Amino acid sequence: MARLTKKIRQMLLDNNEGFSTSTYYEGKNSREERIYTIKDGQLNIRAIGKTSWADSHYDNEWIADEEETHRFLYNHQREMNTDGIE
């Protein structure tokens with residue numbers, strides 16, 4: 001796989017429009033599901049979870065920064081369409 005330069009990361013995002021996956025974490029006092037979706041050439045992240053505090057449910061969405069995008073693409077590149085990327 002090619003080195004994940006900014007140009008290569010953008011090519012991967014463009015080639016994988018609509019790609020979606022999720023992760024789940026459960027610990028002693030919290031649980032969280034993260035849903036990762038590639039849309040409009042960007043990685044969107046949605047975190048849904050709960051902590052041990054009484055009013056602690058959350059549902060947050062954001063566009064991944066360059067570090068989050070790089071880490072995601074590095075971890076999931078084998079599942080993605082890499083056609084045309086050397």
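Residues numbered from 1 in each chain as written. Predicted model: local features only at pLDDT ≥ 70, side-chain atom pairs only at ≥ 80, totals over all residues. Heavy atoms only, no water.

## Comments concerning the pairing of strand S1 (residues 20-26)
In step 1: For S1 and strand S2 (residues 30-39), the ladder comprises seven bridges, and the chain directions are antiparallel. Residue pairing for S2: serine 20 is matched across the bridge by threonine 37.
In step 2: The turn linking S1 back onto S2 is made up of three residues. (Pairing = 2+ DSSP bridges. Helix = DSSP H or I, 4+ residues; strand = E, 2+ residues; numbered from the N terminus.)

## Considering the side chain of arginine 9
In step 1: Mapped onto the elements, arginine 9 comes out in helix H1 (residues 6-15).
In step 2: Every residue in contact with arginine 9, bar those within four places of it in the chain, is listed here: Leu4, Glu66, His70 and Leu73. (Contact = heavy atoms within 4.5 Å.)

## Overview of the packing of aromatic side chains
In step 1: Taken as a whole and judged by the stated rule, the model has two aromatic pairs.
In step 2: Ring geometry for phenylalanine 19 versus phenylalanine 72: centroids 6.3 Å apart, planes at 65°, classification edge-to-face. One end of the pair, phenylalanine 19, is in the loop between H1 and S1; the other, phenylalanine 72, is in helix H2 (residues 66-76), and 53 residues separate them in sequence. Accessibility assignment for this pair places phenylalanine 19 and phenylalanine 72 in one class, buried.
In step 3: Relative to phenylalanine 72, the ring of tyrosine 36 lies with its centre 5.1 Å away and its plane at 25°, an arrangement referred to as stacked. Note that tyrosine 36 is positioned in strand S2 and phenylalanine 72 in helix H2, a separation of 36 residues in sequence.
In step 4: The exposure class of tyrosine 36 is buried, given its relative accessible area of 13%.
In step 5: The class of phenylalanine 72 is buried, set by a relative accessible area of 5%.
In step 6: Within the aromatic cluster, the residues linked to one another by ring pairs are Phe19, Tyr36 and Phe72. (Phe/Tyr/Trp six-rings, centres within 6.5 Å; stacked < 30°, edge-to-face > 60°. Buried < 20%, exposed > 50% of the residue type's maximum accessible area, 1.4 Å probe, protein only.)

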